[in-house]
Amino acid sequence: MLPVYAEVKPNPLQNANLCSRVFFWWLNPLFRIGHKRRLEEDDMYSVLPEDRSRHLGEELQGYWDKEVSRAEKDARKPSLTKAIIKCYWKSYLVLGIFTLFEEGTKVIQPIFLGKIINYFENHDPTNSVALHEAYVYATVLSICTLILAILHHLYFYHVQCAGMRLRVAMCHMIYRKALRLSNMAMGKTTTGQIVNLLSNDVNKFDQVTIFLHFLWAGPLQAIAVTALLWMEIGISCLAGIAVLIILLPLQSCLGKLFSSFRSKTAAFTDVRIRTMNEVITGIRIIKMYAWEKSFADLITYLRRKEISKILSSSYLRGMNLASFFIASKIIVFVTFTTYVLLGNVITASHVFVAVSLYGAVRLTVTLFFPAAIEKVSEAVISIQRIKNFLLLDEISQRTPQLPSDGKMIVHVQDFTAFWDKDLQLLEDADLTVIGDRGATLSGGQKARVNLARAVYQDADIYLLDDPLSAVDAEVGRHLFELCICQTLHEKITILVTHQLQYLKAASQILILKDGKMVQKGTYTEFLKSGVDFGSLLKKENEEADQSPDPGSPTLRTRSFSESSVWSQQSSRPSVKDGAPEVQANETTQVAVPEESRSEGKVGLKAYKNYLTAGAHWLVIVFLILLNIIAQVAYILQDWWLSYWASEQSALNVTVNGKENVTEKLDLAWYLGIYSGLTVATVLFGTARSLFVFYVLVHSSQTLHNKMFESILRAPVLFFDRNPIGRILNRFSKDIGHMDDLLPLTFLDFFQTFLQVLGVVGVAVAVIPWIAIPLIPLGILFLVLRRYFLETSRDVKRLESTTRSPVFSHLSSSLQGLWTIRAYQTEERFQELFDAHQDLHSEAWFLFLTTSRWFAVRLDAICAILVIVVAFGSLILATNAGQVGLALSYALTLMGMFQWCVRQSAEVENMMISVERVMEYTDLEKEAPWEYQNRPPPSWPQEGTIVFDNVNFSYSLDGPLVLKHLTALIKSREKVGIVGRTGAGKSSLISALFRLSEPEGKIWIDKILTTEIGLHDLRKKMSIIPQEPVLFTGTMRKNLDPFNEHTDEELWNALTEVQLKEAIEDLPGKLDTELAESGSNLSVGQRQLVCLARAILRKNRILIIDEATANVDPRTDKLIQKKIREKFAQCTVLTIAHRLNTVIDSDKIMVLDSGRLKEYDEPYVLLQNEESLFYKMVQQLGKAEAAALTETAKQIYFKRNYPDITHSDHVVMNASNGQPSAFTIFETAL
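K.L.:
Even after reading the chapter, I still don't get the overall build of the chain, so can you show me in this structure?
P.N.:
Along the backbone of the chain there are 38 helices and 18 strands. When burial is assessed residue by residue, the chain has 59% of its 1229 residues classed as buried. Long-range contacts, defined as pairs at least 24 residues apart, comprise 82% of the intrachain contacts of the chain with a sequence gap of at least 6. When the accessible surface of the chain is totalled, it reaches about 50300 Å², and 60% of it is carbon and sulfur.

Okay, structure coming up:
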């Protein structure tokens, strides 16, 4: 398999010139395409060679391997951090120079601002030298602004790329590791955990690289600013710096607390996602058992615990954001209060230089530095989690050399001929898309694809783990003779099977019991030594002529016990339960559709629903008002300082005319108001932060619950159509966004938006003519934003749709890990994974670069505004205080405006997650679980089932899988349902359980099934499914999720199915936690647990779906015996491929392509040589057919003419003292 794409669009960045790189011009063609139409995957540029997943992963893997071996030498634990640093330090260090330069420029700016304000304070219209100097200062200020605008984005682009490289390399390593995990290691980790490593933990690397440099730049900048402030306002600057320094440890404390909440939250999220994974995987069974409520309670409980942690960490975040906005206010307040109290006179230049300098350092010290600490601590936790995963045991990679005698020839032609008839049924033949984990194939088809895959491998040794049990007898014989005996006749083949009729063809037979070898030998040796099965076979041969395939009647050999299910089976996670028996031509109905990408912009309706999910709309109105009040207080505080300075300088001037005494203003009054405003700012600022978080986290919870409820009520078809990865993505990624990032981004956007409004308002209030250039700039901005969002929205959506395959690939690889290993296709799967990653990197790369393209242009708009204000004030303004206010505010606009706009786009992008969750909150629903008119509790007493002209299809537009089915199943009848693969056997069960609504009528004891609630219906029927499904949780929960039974009843049920000893040996007995999907029990044991569930439910109707296909004869016999004993008074429907399991039924129902062809007693059907049933029995070989016919005959006579059989001798089978399958010698007949 080649990587998923070829070099379609070479990356224009490779040949871009310097100017183009600085201003991101090379992206213009992409924006033009995005403007014209929706972007598709083909429009994305291919990944730069140095960003390829494989290249990056192998590079880091090399460093990690070295680190591991070095650690072994030094007898210490290997450190993943060391490996990462060794791999990336050089390239990352270069970026530090950028940081230094940029932060330096920020410190210089306020000095020139001070010089301009100075010019106004000592304003002398006649002094042209001073004016020229002022122009020079204004020019320098403008140049600084432009440099900042450009540098900042180049720097950010490069650090984000560094983060991407690290993340991609990590993902490559995690996946590579997942493919090599040993059995032991698989027990220590779960699919959910690995998916979480790949979805959440590695994302921390994207963020940590951005802030890392500020760990040293922050303190450096703080020192430089302190020095400058000292020169400006003397000793009182220390008061402000003191506040800054007090805030720092406070923030790092918050950060520490935050990360401890994070790791707790992560643990809860892991569990919730793992449980979701199981719910979605086992949804069919959950629906058939009507267990939705139990799982709903479980998920709600987990979610509640998770949300309480999320709320705590959100409040901390809210405090952090608030402190970010309030910090500068408190600092300035403390500084100038000290300054004035020390007896200094306040002046505009002092005030605004200080404000600007604090502004410069504030960002770094209160935002970037703590963010760096927080992200580093998060990354350290993630690295720790990933390291623990990377250190799990691996399977040893052995490649033994086999001696080859050059006689390996494979005749594949016999084999394909058979396949063709199956493939022709599929619409696209061998190009048909199979749903997630083969959802669209029936059990038998899956088995055959599996076998075909093995044969195509052309290996020298074949290990076949009972591939014949899932198919019907005819196909089984065909596979055995043509595929196993002919095609593989030159190969060493080890066949594990319970079907003894194939033993004769074996050159060596090995009998296992409880994991030990009981006997070994050839077929003839066994016959001679008279092993119990040999003796049975011998009898068989006397009775029937030596047919080429002496199928032993398996009924007779039930006494022969062997436990032949490989240990491998038990560690393989269970696959989708009883995939719909789809006739191949129906596969199209559940083919996997493209994941929908909503187009156009996020509607206001989404915002409305999102906010009102969290609180009542009155609360929302109050919330908005609170935000506005906080902002007003914020601006008034600065304005008051500027007013104070102006009043003071006005006084100075007037008094100077008379005599040189500087009058002091009424300090108490000015300082009092100033303090009041500061307190108001602090209070309102904190309140609004916490309140916004409270509302938004609540909406996340409400929407999660709605979505989950909607998923539980969705029909089964929905799960066949949507791969697990896609549904899980909604629960992990999108809900994660809503819990974590969206509230933060939302609040951040709202705060900065109000601040931008404030800045513009102040500028216009001070110099009204600024409104003139503002209008074209505003229009330019709006056009630019629309133009940008057309492309960015698509890029973001592509990013999330290209991420899904990465997870789907991971989860299906983990599901099929054993298969991947058996075929040694790890390399190919790794390549596929890398290809999926590269596709995602293409989208991510565009996401990074497009947002930088936009930001550079936004900052250019702001830079123009700063230049306009700077030169404009020189020409037009007079008042120093106002100029200071306007200019210092304009300077803060630089980073803030583009941040505000990007956050607005970010909020809109994150709202896509809300939309995706909303989309799943109103899915098409099944019928209600309970109706008003509920059936009487004792219903059904008889268990009579009537099918009246039933048609059934899995979807409204899908083909019919059952056609005009009419049948009556009497009370307590045992009915076998037989038919070829895809005849509609499982569909009959689906119709009975209403997994999709059938047309026509199905009555159970005079109650129409469509007129009662689904739970009322499903709870009254027990099913033993084809693939036994267990869930993580205790054994007790698996048997009785609603705690309806006493311990005694549970133990009795376990005793009935002979599991009591096995469960008693477990450490916690009934309360032992099972591994994921119960993988610490063997398939046979899991099947017995399902039987125990059925026994506990004591229902009148039992349905067995091919339950014994995966079990050894002993367990099979046990199950059959229990069913006959325990369910003697019940109506039992058995879907069987092995005719011997149903030959003693009261009636046999023969289905063929969805129609009921025959329905009568087995013996009656066998009398008609034209009947399908007769033909099916004959295909088993003469001996087996004769035995089955004989059994059918005995039972028929025993049932219809009981008095005859009394004189007969019943032959007892010596080995276990039971009638040997009722072999009756005909004396009286």
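Let us keep going from here.
K.L.:
Whenever I open this one, the packing of helix H22 (residues 667–712) against helix H24 (residues 724–766) confuses me. Can you help?
P.N.:
A pair of packed helices can be characterised by two numbers: the angle between their axes and the separation between those axes. Their axes nearest at 10 Å, the elements H22 and H24 cross at an angle of 155°. The orientation of H22 relative to H24 falls into the category roughly antiparallel. Between H22 and H24 the crossing geometry is right-handed. Contacts between H22 and H24 involve Arg688, Ser689, Val692, Phe693, Leu696, Val697, Ser700, Leu703, His704, Met707, Phe708 and Ile711 from the former and Ile727, Arg730, Phe731, Ile735, Met738, Asp739, Pro743, Leu744, Phe746, Leu747, Gln751 and Leu754 from the latter. Along the lines of polarity and charge, the residues of the contact of H22 with H24 split into 17 nonpolar, four polar and three charged.

K.L.:
Got a minute to help me understand the pattern of salt bridges in this structure?
P.N.:
Opposite charge on two side chains lets them pair, provided their charged atoms get close. According to the stated counting rule, one finds 39 salt bridges in the structure shown. The closest approach of N and O atoms between Arg272 and Glu306, which form a salt bridge, is 2.5 Å. Here the residue Arg272 occupies a position in helix H10 (residues 237–281), and Glu306 occupies one in helix H12 (residues 292–341), the gap between them amounting to 34 residues. With relative accessibility at 1%, the residue Arg272 sits in the buried group. Between Asp1146 and Arg1199 there is a salt bridge, and its shortest N-O distance comes to 2.8 Å. Highlighted residues: Asp1146 in the loop between strand E14 (1131–1135) and strand E15 (1147–1152) and Arg1199 in helix H38 (residues 1182–1200), separated in sequence by 53 residues.

K.L.:
When you look at a nonpolar patch on the surface in this model, what are you seeing that I'm missing?
P.N.:
Nonpolar side chains collect at one region of the surface, where Trp617, Leu618, Val621, Ile624, Leu625, Ile628, Ile629, Val632, Leu636, Trp639 and Tyr643 lie side by side and expose about 990 Å² of accessible area between them. Among the structural elements, Leu636 can be located in helix H21 (residues 617–658). Relative accessible area serves as the criterion here: at 36%, Leu636 is assigned to the partly exposed category.

K.L.:
What's the story with the pairing of strand E16 (residues 1155–1160) in this structure? I'm lost.
P.N.:
The side chains of a regular strand alternate between both faces of the sheet. Relative to E16, E15 runs antiparallel, the two being bridged by five bridges. In the sheet register, Val1150 faces E16, and the bridge partner there is Glu1158. The hairpin formed by E15 and E16 contains two residues between the paired strands, and Ser1153 there has a positive phi angle of roughly 35°.

K.L.:
How do you make sense of the pairing of E14 when you look at a structure like this?
P.N.:
For E14, a buried count of five out of five residues is recorded, marking the element as mostly surrounded by other parts of the structure. Across the two faces of E14 the burial is the same, with Thr1131, Leu1133 and Ile1135 and Val1132 and Thr1134 all buried.

K.L.:
Teacher, can you tell me more about helix H4 (residues 80–121) here?
P.N.:
Structurally, the α-helix is built with 3.6 residues per turn, so residues lying three or four positions apart point the same way. For H4, spanning 42 residues, the distance from its first C-alpha to its last is 59 Å, which sits close to the expected 62 Å at 1.5 Å a residue. The principal kink in H4, of about 60°, is found at Trp89. For H4, the capping residue at the N-terminal end is Ser79, with a side-chain oxygen 3.4 Å from the backbone nitrogen of Thr81.

K.L.:
Just checking my understanding: could you explain the packing of H4 against helix H28 (residues 880–919) for this structure?
P.N.:
At their nearest, the axes of H4 and H28 sit 9 Å apart, and the two run at 160° to each other. Taken together, the axes of H4 and H28 are roughly antiparallel relative to one another. Here the hand of the crossing between H4 and H28 comes out right-handed. Across the interface between the two elements, Gln109, Leu113, Ile116, Ile117, Phe120 and Glu121 from H4 touch Ala880, Val883, Gly884, Leu887, Ser888 and Leu891 from H28.

K.L.:
Just checking my understanding: could you explain the packing of aromatic side chains for this structure?
P.N.:
Centre-to-centre distance and the angle between the planes together describe a pair of aromatic rings. Following the criterion strictly, the structure yields 41 aromatic pairs and no others. Relative to Tyr137, the ring of Phe112 lies with its centre 6.1 Å away and its plane at 45°, an arrangement referred to as tilted. Of this pair, Phe112 sits in helix H4 while Tyr137 sits in helix H5 (residues 128–180), and the two are 25 residues apart along the sequence. Considering the side-chain rings of Tyr1196 and Tyr1201, the 6.4 Å spacing of their centres and the 80° angle between planes classify their relative orientation as edge-to-face. Tyr1196 gets classed as buried once you look at its relative accessible area, which sits at 17%. Residue classification places Tyr1201 among the partly exposed residues on the basis of a relative accessible area of 37%. Members of the aromatic cluster, connected to one another through ring pairs, are Phe333, Trp639, Trp640, Tyr643, Trp644, Trp669, Tyr670 and Tyr674. Lying across the ring of Tyr634, Lys329 places its NZ or CZ 4.0 Å from the centre. One residue, Arg730, lies across the ring of Tyr920, its end atom 4.0 Å from the ring centre.

K.L.:
Explain H24 to me, please; I cannot follow it from the model alone.
P.N.:
In this model H24 runs 59 Å from its N-terminal to its C-terminal C-alpha over 43 residues, within 8% of the 63 Å that 1.5 Å per residue would give. Taken as a whole, H24 carries its principal kink of about 45° at Leu741; the proline Pro743 stands between one and four residues after it. Burial analysis of H24 places 33 of its 43 residues in the buried class, which makes it a mostly covered element.

K.L.:
How should the state of the cysteines be read in this particular structure?
P.N.:
Here, the word disulfide means a covalent bond between the sulfur atoms of two cysteines. Scanning the entire structure with this criterion turns up zero disulfides. Not part of a disulfide, Cys900 finds its nearest cysteine sulfur in Cys862, a span of 10.0 Å. You can call Cys900 buried: its relative accessible area is 5%.

K.L.:
How should the sheet that holds strand E13 (residues 1101–1105) be read in this particular structure?
P.N.:
Strand pairs in the sheet, formed through backbone hydrogen bonds, run parallel or antiparallel to each other. Pairing within the open sheet is mixed, and its six strands lie in the order E10-E13-E14-E7-E15-E16. At either end of the open sheet lies a strand with only one pairing partner, and these are strand E10 (1021–1024) and E16. Adjacent strand axes in the sheet meet at a mean angle of 20° when their direction is disregarded.

K.L.:
Please explain the confidence of the model for the chain as it appears in this structure.
P.N.:
One rule of thumb: low pLDDT means the predicted coordinates there are not for detailed reading. On average, residues of the chain carry a pLDDT of 79, and 86% of them reach 70 or more. Confidence, expressed as mean pLDDT per element, reaches its minimum in the chain at helix H19 (residues 567–571) with 29 and its maximum at helix H3 (residues 53–74) with 91. Within the model, the stretch residues 534–590 combines pLDDT values under 50 with 179 contacts to residues more than four positions away or in other chains. Within the model, pLDDT remains below 50 along residues 1206–1229, and this stretch shows 43 contacts once partners closer than five positions in the same chain are excluded.

K.L.:
Looking at this model, I keep getting lost on the sheet that holds strand E9 (residues 1007–1008). Mind explaining?
P.N.:
With respect to topology, four strands assemble into an open sheet ordered E6-E5-E8-E9, the strand pairing being antiparallel. Two strands close off the open sheet at either side, each with one partner strand: strand E6 (962–969) and E9. Its contacts with the sheet put helix H29 (residues 985–993) on strand E5 (945–952), E6 and strand E8 (999–1004), and the angle it makes with E5 is roughly 110°.

K.L.:
Hey, could you run me through the environment of Leu798 in this one?
P.N.:
The residue Leu798 is located in helix H25 (residues 771–815) in this model. Counting along the chain gives 44 residues from Leu798 to Glu842, while the straight-line C-alpha distance between them is 9.4 Å.

K.L.:
Could you clarify how one ought to interpret unusual backbone geometry in this entry?
P.N.:
Excluding glycine, most residues fall at negative phi; most peptide bonds, likewise, are trans. For the peptide bond that leads from Trp939 to Pro940, omega is -10°, which places it in the cis range. One non-glycine residue, Asp1005, adopts positive backbone phi at about 45°. With a phi angle near 35°, Ser1153 is a residue other than glycine that sits in the positive phi range. Here Ser1153 lies in the loop between E15 and E16. When its relative accessible area of 28% is taken as the criterion, Ser1153 is described as partly exposed.

K.L.:
I keep staring at the side chain of Gln61 and nothing clicks. Help me out?
P.N.:
Examined against the element boundaries, Gln61 turns out to sit in helix H3. What makes Gln61 buried here is its relative accessible area of 8%. Leaving out residues up to four positions away in the same chain, Gln61 has contacts with Met173 and Arg176.

Conventions and cut-offs
- Residues numbered from 1 in each chain as written.
- Predicted model: local features only at pLDDT ≥ 70, side-chain atom pairs only at ≥ 80, totals over all residues.
- Heavy atoms only, no water.
- Helix = DSSP H or I, 4+ residues; strand = E, 2+ residues; numbered from the N terminus.
- Buried < 20%, exposed > 50% of the residue type's maximum accessible area, 1.4 Å probe, protein only.
- Contact = heavy atoms within 4.5 Å.
- Areas by Shrake-Rupley, 256 points an atom, 1.4 Å probe, with all protein chains shown as cover.
- Axes fitted to C-alpha atoms, helices over the stretch in contact; angles between N-to-C directions.
- Parallel < 35°, antiparallel > 145°, perpendicular 65-115°, else oblique.
- Left-handed = near helix turned anticlockwise from the far one by under 90°.
- Nonpolar A, V, L, I, M, F, W, Y, C, P; charged D, E, K, R; others polar.
- Salt bridge = Lys/Arg side-chain N within 4 Å of Asp/Glu carboxyl O.
- Patch = residues over 30% accessible without salt bridge, like charges linked within 9 Å, V, L, I, M, F, W, Y side chains within 5 Å.
- Pairing = 2+ DSSP bridges.
- Expected span 1.5 Å × (residues − 1).
- Bend = angle between axes of the 7 residues up to and from the residue.
- Polar contact = N/O pair within 3.5 Å; in protein donor to acceptor, adjacent residues only side chain to side chain.
- Phe/Tyr/Trp six-rings, centres within 6.5 Å; stacked < 30°, edge-to-face > 60°.
- Lys NZ or Arg CZ within 6 Å of the ring centre and 35° of its normal.
- Disulfide = S-S within 2.5 Å.
- pLDDT = per-residue confidence, 0-100.

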